[in-house]
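# Tertiary structure, described
So the chains spell out like this:
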Amino acid sequence: STSNIVLNVNGIEVIYNHVILVLKGVSLQVPEGSIVAILGGNGAGKTTTLRAVSNLLKGERGAVTKGSIELRGERIENLSPADLVQRGVVQVMEGRHCFAHLTIEENLLTGAYTRRNKAEIAANLDKVYAYFPRLKQRRTSQAAYTSGGEQQMCAIGRALMANPSMVLLDEPSMGLAPQIVEEVFEIVKDLNARERVTFLLAEQNTSMALRYSTYGYIMESGRVVMDGPAAELATNEDVKEFYLGVG
Ligand code: ATP
């Protein structure tokens, strides 16, 4: 059945600066409650795919020139990022961690900017602290003085303050030590299992991403070259040889 598909990306082309064709017909589906990984090397088009979904291309002088993107059956190519937040879709940008001069707690509260109910915001903050005890410990620290892992957690926590049903997570492992990457992925898994947050993530760390996702799409040069359940991709000989560094 296709009724539980929350996000349907259908044959999209993306062009930057009117001339640079970067996505050459990308299709993917994200079922409700899943963790879907977009995998592939540098420049494969993972970030561009996420930007197309969350409508962050314009700032990069990019545009979707073919295909369609549907959220629960509604076309979303022309919605603003704020419209998407209203519909429960929030993106955590690659390398874009927290506001350096704000405290962790101030950063988290910026994620609730679309909301008005103070009691709900306070309850949501408590929930974020329950998932990220490190952030609670560091809540009065200026983000600039926290670790890379804490800043990544802060960026995810801030996204959660919008009470999203779907989080787009760009390269959560970037620049982090393996143990911290694992800690971040464990929290993603918990949020998925207990809060039913759906995740679409882009990762170069194929082995880690496949351990935590339900389904994966492998991209190369702006195309999906392989896709399948994460457990199958993890044992596929080609994936092992080209993406897992064992052969
Ligand atoms: P990375 O892990 O390095 O972010 P990626 O798979 O996410 O890689 P993209 O960032 O989507 O890949 O980049 C895909 C291609 O688009 C690359 O060739 C890149 O140089 C190009 N590109 C990305 N952003 C822009 C932009 N704003 N203007 C022009 N070209 C861009």
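Throughout this description, residue numbers start from 1 for each chain and increase along the sequence as written. Local features in this predicted model are restricted to residues of pLDDT 70 or higher, and side-chain atom pairs are both shown and tallied only at a pLDDT of 80 or more, whereas totals for entire chains, interfaces and linings draw on every residue. Side-chain measures were taken over the full set of non-hydrogen atoms in the model, leaving aside hydrogen atoms and water.

Within an unreviewed UniProt entry, the label attached to the chain reads ABC transporter ATP-binding protein, and the organism entered is Caenimonas terrae. According to UniProt, the comment filed for the chain under the heading Sequence similarities (unreviewed entry) is "Belongs to the ABC transporter superfamily." UniProt positions are given in the numbering used here, feature names are shortened, and annotations may be inferred rather than shown by experiment.

Attention now goes to the packing of helix α6 (residues 148-160) against helix α7 (residues 178-195). Axis definition: a line fitted to C-alpha atoms, over the contacting stretch in the case of helices. Angles run 0 to 180 degrees between N-to-C directions. Each helix is a run of DSSP H or I of at least 4 residues and each strand a run of E of at least 2, with the numbering of both proceeding from the N terminus. Running from amino to carboxyl end, α6 crosses α7 at an angle of 15°, the nearest separation of the two axes being 10 Å. When the axes of α6 and α7 are compared, the pair comes out roughly parallel. Handedness of the crossing formed by α6 with α7: right-handed. Residues G149, M153, I156 and L160 of α6 pack against I180, E183, V184 and L191 of α7. Of the residues belonging to the contact of α6 with α7, the class tally is 6 nonpolar, 1 polar and 1 charged. Just so you know how the angles are binned, under 35 degrees is roughly parallel, over 145 roughly antiparallel, 65 to 115 roughly perpendicular, and the rest oblique. Handedness of each helix crossing follows the sense of rotation of the near helix against the far helix: counterclockwise by less than a right angle gives left-handed, clockwise gives right-handed. Pairs of residues are marked as contacts when any of their non-hydrogen atoms sit within 4.5 Å. Under the convention adopted here, Pro, Cys and the residues Ala, Val, Leu, Ile, Met, Phe, Trp and Tyr are nonpolar, Asp, Glu, Lys and Arg are charged, and Gly plus all remaining residues are polar.

Our next topic: the pattern of salt bridges. By convention in these notes, a salt bridge is any Lys or Arg side-chain nitrogen within 4 Å of a carboxyl oxygen on Asp or Glu. Tallied over the entire structure, the rule returns 15 salt bridges. Here E120 ties to R115 by a salt bridge, and the two come within 3.6 Å at their closest N and O atoms. Only protein chains enter the accessibility calculation, which uses a 1.4 Å probe; a residue is then buried when its area is under 20% of its type maximum, exposed when over 50%, and partly exposed in between. A relative accessible area of 43% places E120 in the partly exposed class. A salt bridge links E186 to K189, with the nearest nitrogen and oxygen atoms 4.0 Å apart. Of this pair, E186 and K189 are both found in helix α7, 3 residues apart, which corresponds to roughly one turn of the helix. Each member of the salt-bridge network shares a partner with another, and the members are R134, R138, E150 and E183.

Let's shift gears to the sheet that holds strand β4 (residues 62-71). Strands are treated as partners if at least two bridges between them are detected by DSSP. In spatial order, the strands read β2-β1-β4-β5; together these 4 strands make up an open sheet with antiparallel pairing. Unpaired on one side and paired on the other, β2 (20-31) and β5 (74-75) mark the two borders of the sheet. In terms of strand pairing, strand β1 (residues 5-16) meets β4 through 8 bridges, oriented antiparallel. The residue bridging I15 from the neighbouring strand is A63, located in β4. Packed on one face of the sheet, helix α1 (residues 46-54) meets β1, β2 and β4 and runs near 115° to β1.

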